[in-house]
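Notes for the structure review
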Amino acid sequence: MKILEKLGITKESIAKLLGVSATLSNPKKKKYGRPKGRKIPYDIVKAVRFASKTYTCKELADKYGVSYFWVYSIRKGSYRNNGK
């Protein structure tokens, strides 16, 4: 690459001419495993649990700023059954 640097040609410009994508020199390492989520306040848990059944999980998720799956799990009874 020293010769190309002297000529002022970058690998991005070569990739553009060839119509391919340039590879990154330092790709970020993938993180494996389940990501740690934030703790949801118990007030939101109670509000979702006692919300009217006419609300969809999507509506409640948007209203309280939580994920759709989390609302589904709370309604199903999978989380926090034993108080706070």
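Residues numbered from 1 in each chain as written. Predicted model: local features only at pLDDT ≥ 70, side-chain atom pairs only at ≥ 80, totals over all residues. Heavy atoms only, no water.

Concerning the pattern of salt bridges
Per the counting criterion, the structure on display carries one salt bridge. Linking Lys-58 and Asp-62 is a salt bridge whose minimum nitrogen-to-oxygen distance equals 3.6 Å. Taken together, the positions of Lys-58 and Asp-62, both in helix H4 (residues 57-64) and four residues apart, correspond to about one turn of that helix. (Salt bridge = Lys/Arg side-chain N within 4 Å of Asp/Glu carboxyl O. Helix = DSSP H or I, 4+ residues; strand = E, 2+ residues; numbered from the N terminus.)

Some details on helix H3 (residues 42-49)
Within H3, burial applies to Tyr-42, Ile-44, Val-45 and Val-48. The arc enclosing the buried residues of H3, seen along the axis, measures out at 155 degrees, which places them on a common side. (Buried < 20%, exposed > 50% of the residue type's maximum accessible area, 1.4 Å probe, protein only. Arc of directions from axis to C-beta.)

Some remarks on the packing of H4 against helix H5 (residues 68-76)
The interhelical angle for the contact between H4 and H5, taken along N-to-C directions, is 115 degrees, at an axis separation of 8 Å. In this view, H4 runs roughly perpendicular relative to H5, as classed from their interaxial angle. Of the two possible hands of crossing, H4 and H5 adopt the one that is right-handed. Packed against H4, whose contacting residues are Cys-57, Lys-58, Leu-60 and Ala-61, the element H5 presents Tyr-68, Val-71, Tyr-72 and Arg-75 at the interface. For the contact of H4 with H5, the residue count by class is six nonpolar, no polar and two charged. (Axes fitted to C-alpha atoms, helices over the stretch in contact; angles between N-to-C directions. Parallel < 35°, antiparallel > 145°, perpendicular 65-115°, else oblique. Left-handed = near helix turned anticlockwise from the far one by under 90°. Contact = heavy atoms within 4.5 Å. Nonpolar A, V, L, I, M, F, W, Y, C, P; charged D, E, K, R; others polar.)

Points about the nonpolar core
Membership of the largest hydrophobic core comes to 13 residues, with the highest contact counts inside it found for Ile-40, Val-45, Val-48, Trp-70 and Val-71. Where this core is concerned, the elements lending two or more residues are H3, H4 and H5. Examining the composition of this core, we find that four residues originate from one element, H3, more than from any other. For Val-71, the contacting residues outside a window of four places in its chain are Val-48, Cys-57, Leu-60, Ala-61 and Val-66. (Core = buried A, V, L, I, M, F, W, Y, C linked by side-chain atoms within 4.5 Å.)

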